[in-house]
Amino acid sequence: MTTLAVHTPFGQEHPYEQLPEERFPRQPLADEPFTVGIVTRPPGKVKRLRVLVALDGVDQQPIEAEALPQWQQEAEHGVGAEFLERIVHVEQDVWRARLTAPPHGGVLAYTVEADGVLQSSTSLRGEAWEAGGGFSFDLQAHRMTVRRGISVPAGAAGGVERLPGVRRIEWLTGAPGSNSSHARRVRLTFAAGKEERFFGLGERYNALDQRGEILDVRLYEQYKSQGKRTYMPIPFLLSSAGWGVWVESSRWMQFDLCASAPDVWTLEADLGEDQALTLRWFADADPLGIIRAFSAATGKTVLPPLWAFGLWMSGNEWNSQARVEAEVRASFEHRITPSVLVIEAWSDETTFYIWNDAQYTPKPGDQAFRYGDFTFPPDGKWTDPKAMIDRLHAQNIRLILWQIPALKRVDEAHSQHEADRAYFAAQGFAVKDPDGTPHAIRPFWFRGGWVWDVTHPAARDWWLNKRAYLLDEMGVDGFKTDGGEHLWSTEAVFSDGRTGADVWNEYPRLYTQAYYDFATAHRGGDALTFSRAGFTGSQSCPAHWAGDENSTWDAFRHTILAGLSAAASGLAFWGWDIGGFSGELPTAELYLRATAMAAFCPIFQYHSEYNAHRLPLKDRTPWHIQAHTGDQRVVPFFRFFTDVRHNLMPYIWQEAQHSAAAGEPMMRAVRWTDPRAADSQYYFGRSLLVCPITEPGVTSAEVYLPEGGWRDLWGGSAYVGGATVTVDAPLDRIPVFVRAGTRLPVRWGENRRLGEPVALSGEANGELVFE
């Protein structure tokens, strides 16, 4: 058959955007109008395009497709503009035919015909929502299992106090009136209180209280300006009414939180072969009690090493030993003591386990390298990386190297990579398409590469053993486990028998957990991963950061919301790129306000995006920000906040240990319990209340203090809570308050004051007493 026209109903399965050759919507309901999108190439070749239609085997009147004029193609499908994460300029004609989905249970078959030549054929079954079914409830585990064919108990879920009442259960089926027919989705409707607030659902940038929002649980790499999209979807909802619910599924789902109706919230979820959905409920007047129970049910919260709580330094363009050592040297010259160095651009950018410019003899794909297999030329990017790591360790700096779970597609010759790819494919180590071939990555980042099947035990060992020399012989302290959002396929097949429908969301947790277990096993427990993406249970492989953000005040505000939403979802150890990592450099004011907030955050890190080594530099080091802005306060104030963090490290370490032991986040939004607080206010540990300044031009701030007695961290002034107070907020201070009666463990220097330089230590040599 000559291919003149292309119609792919689901396209690339992009979760939020569609190609012009898709079906709109992809899965229409019964009797719902829909559009068949078709493209023909090259432009002008096809003169007439029809869609031949049959309903339940009976031919219908063919539908003439309409060609879109060029201006409409460009307006609707972004020709020549950013679309589907790529710059698109495709020479094609775009056509549309308007059809109606079949009645419930009916089957509509349609075939595209181009200039009398039959092209692609597909069919569509009429689906509709039907009420019915019910649930069983395990009172001991507070676990609700929703199924068809059983009755619905009245009142609250399982009759448990605090839990919301079930209003309605519906099933999306392809045949009416039969409990035996397959249901693709279930929809549950629950009662909602008038003043009820909703938190969590993973790392969410759009809001803290999600009432009035519709949010899906779908892992996605949104480059900056995330809105409702997230790297870390977690199907756990925390309510101010004293309950939380975890949906025990990794499939797509959607929460409508009083957006469509003010008195109910709904959960719509894809179903698997078992045709059931399980929800685990948690009831407690204290939201921390709910989060503790959720964390205990989904994986132990793991404590990072002490060094992880110091200052992290990073820049994507630090791609040589000389550059890295120059930046470290500059930090010490400015008396800013780092604890962790992240190197992203360290590898050959192909294998991602061999140092760039290293010389070696390629090995068969089944073999791993030792450090002694490499030589490092004096004019290369890395002249002696082992010696560099030894010097970093001598300066009490730990090293984290960047990683990605994709086997890259490259056009240029690379003998080692070719050997690896051949072995990888032959052994079945890739995630596969249904036809058994390796699944090619569809998103822009690493497009065409293969995804490492981390559910395959031999694939897991092969992949990680290639990197073992980094830990065992060179002393690398962990990995920045980036990415993991590479699947846009519900049909991709994994070694453990599951498909992309089940693993799409869960993949980054599986991948980062594999790296965490590997690194800690090889480093005697003293190692760490640093991940952008995650899912339910990611608290077992710390730590995480907020992903890609611009250097703007708006991004700063939304990043705080993301951190607090992640905390509500069980993530205890989280950070972000101070002042953003992308776009124009931040102003000195934004950078220092962001630094002040990050100093009271579990992970304290700056980082910057790749800039093709163009001038001016885009580094986010404090000395570069100072040079760029001309504001001579940047380095001294940054140094001050770093030193304050070191002074408070005994408290931070104490609270980190408590968070891990109890399964509680270190950052806790005040609004979880008190709606009068600002969205950005949070407790850092059990004793500190942090009120970030998130607007420019502020010299004093009105802050709400929760009930109880409070003392200003910086001067000790006393305040009575339950009210809003006005406090000074100079650029070298952030409003931070301490609960009255707290004895805050600290690490003092000779002068016993906050902001005095001391070495990083979790051991206290004094305390601040706040009566």
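For the structure itself, look to the data block above.
Below is a short write-up of the structure. Each chain has its residues counted from 1, running along the sequence as written. Totals for whole chains, interfaces and linings use every residue, but because this is a predicted model, local features are given only for residues with pLDDT of at least 70 and side-chain atom pairs only at 80 or more, for both listing and counting. Only hydrogens and water are removed before side-chain values are computed, so all heavy atoms of the structure are retained for them.

1. Focus on the overall build of the protein
What counts is decided by this rule: Only DSSP runs of H or I covering at least 4 residues are called helices, and only runs of E covering at least 2 are called strands; the numbering of each starts at the N terminus. The size measure is the radius of gyration over C-alpha atoms, and the globule rule it meets is 2.2 Å times the number of residues to the 0.38 power. Here's how the labels work: a residue is buried when its accessible area is under 20% of the maximum for its type, exposed when over 50%, partly exposed in between, all with a 1.4 Å probe on protein chains only. In what follows, a contact means two residues having at least one pair of non-hydrogen atoms within 4.5 Å. Here the open area of atoms and residues is found with the Shrake-Rupley method and a 1.4 Å probe, where only the protein chains shown may cover a residue. Residues scored as positive are Lys and Arg, those scored as negative are Asp and Glu, and His as well as the terminal groups of each chain are ignored. By convention, charge coordinates are those of NZ in Lys, CZ in Arg, CG in Asp, or CD in Glu.
In terms of regular secondary structure, the protein is built from 14 helices and 44 strands. A globule of 771 residues ought to have a C-alpha radius of gyration of about 28 Å, and the protein, at 28 Å, matches this closely. Based on the C-alpha atoms only, the size of the protein along its principal axes is roughly 90 × 70 × 50 Å. Taken across its 771 residues, the protein has 62% of its residues classed as buried. By sequence separation, contacts in the protein at least 24 residues apart represent 69% of the contacts at least 6 residues apart. Split by element, the accessible area of the protein, about 28,100 Å² in all, is 49% carbon and sulfur. For the protein, the centre of its 74 positive side-chain charges and the centre of its 96 negative side-chain charges are spaced 2 Å apart.

2. Brief notes about the side chain of Thr301
Looking at the element boundaries, Thr301 is found in the loop between helix 2 (287–298) and strand 25 (311–314). The class of Thr301 is buried, set by a relative accessible area of 3%. Sequence-distant contacts of Thr301, defined by excluding residues within four places in its chain, comprise Ser295, Gln539, Ala572, Phe573, Ser659, Ala660 and Gly663.

3. Here we look at the packing of helix 3 (residues 321–333) against helix 4 (residues 385–394)
Two quantities define a packed helix pair, namely the angle between the helix axes and the distance between the axes. Heads up, the condition is: Whenever a helix is involved, its axis is fitted only over the stretch in contact; in every case the axis is a line through C-alpha atoms, and angles between N-to-C directions fall within 0 to 180 degrees. If an angle is under 35 degrees, it is roughly parallel; if it is over 145, roughly antiparallel; if it lies from 65 to 115, roughly perpendicular; otherwise it is oblique. Classes in brief: Ala, Val, Leu, Ile, Met, Phe, Trp, Tyr, Cys and Pro nonpolar; Asp, Glu, Lys and Arg charged; the others, Gly included, polar.
Interhelical geometry of helix 3 versus helix 4 gives an angle of 10 degrees and a closest axis separation of 11 Å. In terms of orientation, helix 3 and helix 4 fall into the roughly parallel class. Residue-level contacts link Gln321, Val324, Glu325 and Val328 of helix 3 to Pro385, Met388, Arg391 and Leu392 of helix 4. When grouped by side-chain class, the residues that make up the contact of helix 3 with helix 4 number 5 nonpolar, 1 polar and 2 charged.

4. Topic: the pairing of strand 43 (residues 742–746)
Heads up, the rule is: Criterion used throughout: strands pair if DSSP finds at least two bridges between them.
With 4 of its 5 residues buried, strand 43 lies for the most part within the structure. The pairing of strand 43 with strand 44 (residues 766–770) spans 5 bridges and is classified as antiparallel. Looking across to strand 44, one finds that Arg743 is bridged to Val769.

5. Section: the pairing of strand 16 (residues 166–173)
The element strand 16 is extensively covered by neighbouring structure, given that 6 of its 8 residues are classed as buried. Inspection of the sheet shows strand 13 (residues 128–131) paired to strand 16 by 4 bridges, in the antiparallel sense. Bridging from a neighbouring strand, Trp129 pairs with Leu172 of strand 16. By the bridge criterion, 7 bridges tie strand 16 to strand 17 (residues 183–191) in an arrangement that is antiparallel. Among the inter-strand pairings, Arg168 is bridged to a residue of strand 17, identified as Thr189.

6. Some thoughts on the packing of aromatic side chains
In plain terms, the rule: Pairing of aromatic side chains here covers Phe, Tyr and the six-membered ring of Trp, requires ring centres within 6.5 Å, and sorts the geometry by plane angle: under 30 degrees stacked, over 60 edge-to-face, intermediate tilted. Cation placement over rings: the criterion is NZ of Lys or CZ of Arg within 6 Å of the ring centroid and within 35° of the ring normal.
Tallied over the entire structure, the rule returns 58 aromatic pairs. Centroid distance Phe309 to Phe573: 5.9 Å. Interplanar angle 75 degrees. Geometry classified as edge-to-face. Remark: Phe573 occurs in the loop between helix 10 (553–568) and strand 33 (574–577) and Phe309 occurs in the loop between helix 2 and strand 25; sequence separation between them is 264 residues. Phe573 carries the same exposure label as Phe309, and that label is buried. Where Tyr507 meets Tyr511, the ring centres are 6.3 Å apart and the plane angle is 25 degrees; that geometry is what we call stacked. Remark: Tyr511 and Tyr507 occur in helix 9 (residues 507–522); sequence separation between them is 4 residues, near one turn of the helix. Residue classification places Tyr507 among the buried positions, given a relative accessible area of 1%. Note on Tyr511: relative accessible area 0%, which makes it buried. In this structure, Arg218 packs its charged tip against the face of Trp504, placed 3.9 Å from the ring centre. A cation over an aromatic ring shows up here: Lys480 above the ring of Trp545, its NZ or CZ 4.5 Å from the ring centre.

7. Section: the sheet that holds strand 42 (residues 736–739)
One open sheet holds the 6 strands; their spatial order is 35-36-37-42-39-40, and the pairing between them is antiparallel. Only two strands of the sheet have a single neighbouring strand rather than two, namely strand 35 (667–669) and strand 40 (718–720). Put simply, the sheet's adjacent strands are angled 35 degrees from each other on average, direction ignored. In terms of strand pairing, strand 37 (residues 688–690) meets strand 42 through 3 bridges, oriented antiparallel. Following the sheet pairing, Leu689 is matched in strand 42 by Phe737.

8. A few points about the pattern of salt bridges
Under the convention used in this document: Only one rule defines a salt bridge in this text: a Lys or Arg side-chain nitrogen within 4 Å of an Asp or Glu carboxyl oxygen.
In total, this model carries 47 salt bridges according to the counting rule given. Between Arg143 and Glu248 there is a salt bridge, with its nearest N and O atoms 3.1 Å apart. Taken as a pair, Arg143 in strand 15 (residues 143–147) and Glu248 in the loop between strand 21 (243–247) and strand 22 (253–257) lie far apart in primary sequence, 105 residues in all. Residue class for Arg143 comes out partly exposed when judged on its relative accessible area of 26%. The class for Glu248 is partly exposed, based on a relative accessible area of 28%. For Arg557, the salt bridge is made with Glu695, and the minimal N-O distance between the two is 3.3 Å. With Arg557 in helix 10 and Glu695 in the loop between strand 37 and strand 38 (700–705), this residue pair connects regions lying 138 residues apart in the sequence. Looking at Arg557, the relative accessible area reads 26%, which means it is partly exposed.

9. Description of the environment of Arg41
Under the convention used in this document: Counted as a polar contact is a pair of N or O atoms within 3.5 Å, where, for protein atoms, one must be capable of donating a hydrogen and the other of accepting one, and residues adjacent in sequence contribute only when both atoms are in side chains.
Within the element layout of this structure, Arg41 appears in the loop between strand 3 (33–40) and strand 4 (49–55). Assessed through its relative accessible area of 39%, Arg41 is described here as partly exposed. A sequence separation of 656 residues divides Arg41 from Gly697, and the C-alpha atoms of the two residues are 55 Å apart. Not counting residues up to four positions away in its chain, the partners in contact with Arg41 are Leu4, Val6, Glu21, Val90, Glu91 and Gln92. At 2.8 Å, the side chain of Arg41 and the side chain of Gln92 are in polar contact.

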